[in-house]
Amino acid sequence: MHTETTLGFLNTSTTRLGKSLRKFMSKTAKRFMTRDLPSEEAARGRRKAQAAAKGGNTSSRANATVTSTGAKARYFNFMTYKLHALGDYVSMIRHFGTTDNNSTQLGELEHCRVEGEE
């Protein structure tokens, strides 16, 4: 259960986090060139080869597709819904209450069941 004091702490913390993330984006993240790990690159190549095999492509064409890929550049994505919604948490807790009894587990398990059937 939240009190006005704990909601105030949460509000202050989310504000500080937002400022820190914006500072990180403007100063730190731009200075580094990040790329896929070799294992991520290999996994992407395997997925492309598997998709090409399913699509009926010849193995030479599938191999050409896999070898032409390289390590993709990766950037910190500040524009996600989770980060966007963070600023609304305090007002939503005040309006709807806490999420103590809510769980996403049932929905996540349903995703697994549906994906397994395909």
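Calculation criteria
Residues numbered from 1 in each chain as written. Predicted model: local features only at pLDDT ≥ 70, side-chain atom pairs only at ≥ 80, totals over all residues. Heavy atoms only, no water. Helix = DSSP H or I, 4+ residues; strand = E, 2+ residues; numbered from the N terminus. Buried < 20%, exposed > 50% of the residue type's maximum accessible area, 1.4 Å probe, protein only. Contact = heavy atoms within 4.5 Å. Areas by Shrake-Rupley, 256 points an atom, 1.4 Å probe, with all protein chains shown as cover. Expected span 1.5 Å × (residues − 1). 1 Å grid on protein atoms, 1.4 Å probe; cavity = no way out; pocket = protein on both sides within 12 Å on 5 of 7 lines; lining within 4 Å. Points joined across faces, edges and corners; volume = space filled by probe spheres on them. Nonpolar A, V, L, I, M, F, W, Y, C, P; charged D, E, K, R; others polar.

K.L.:
Pulling in residues and values, what's your account of the overall build of the protein?
P.N.:
Assigned secondary structure in the protein consists of six helices and two strands. Put simply, the protein runs from its N terminus to its C terminus through helices and strands in the order α-β-α-α-β-α-α-α. Of all 118 residues assigned to the protein, the portion counted as buried reaches 13%. A separation threshold of at least 6 residues defines the contact pool for the protein, and within that pool the share at least 24 residues apart is 80%. Carbon and sulfur atoms make up 56% of the accessible area of the protein, which amounts to about 10000 Å² in all.

K.L.:
With reference to specific residues and values, describe helix α1 (residues 4–28).
P.N.:
Here α1 is 25 residues long and its end C-alpha atoms lie 35 Å apart, about the 36 Å a rise of 1.5 Å per residue gives. Where α1 is concerned, the buried positions are Leu 7, Thr 14, Gly 18 and Leu 21. Lining the buried residues of α1 we find α4 (81–86) and α5 (89–96).

K.L.:
Quick rundown of the layout of surface pockets? Include the residues and the values.
P.N.:
By volume, the largest pocket amounts to about 280 Å³. Contributing to the lining of the largest pocket are 13 residues, with Asp 88, Tyr 89, Met 92, Ile 93 and Thr 99 lying nearest its centre. Elements represented by at least two residues in the lining of the largest pocket include exactly α4 and α5. Of the residues forming the lining of the largest pocket, the biggest block, four residues, is contributed by α5. Split by residue class, the lining of the largest pocket holds six nonpolar, four polar and three charged.

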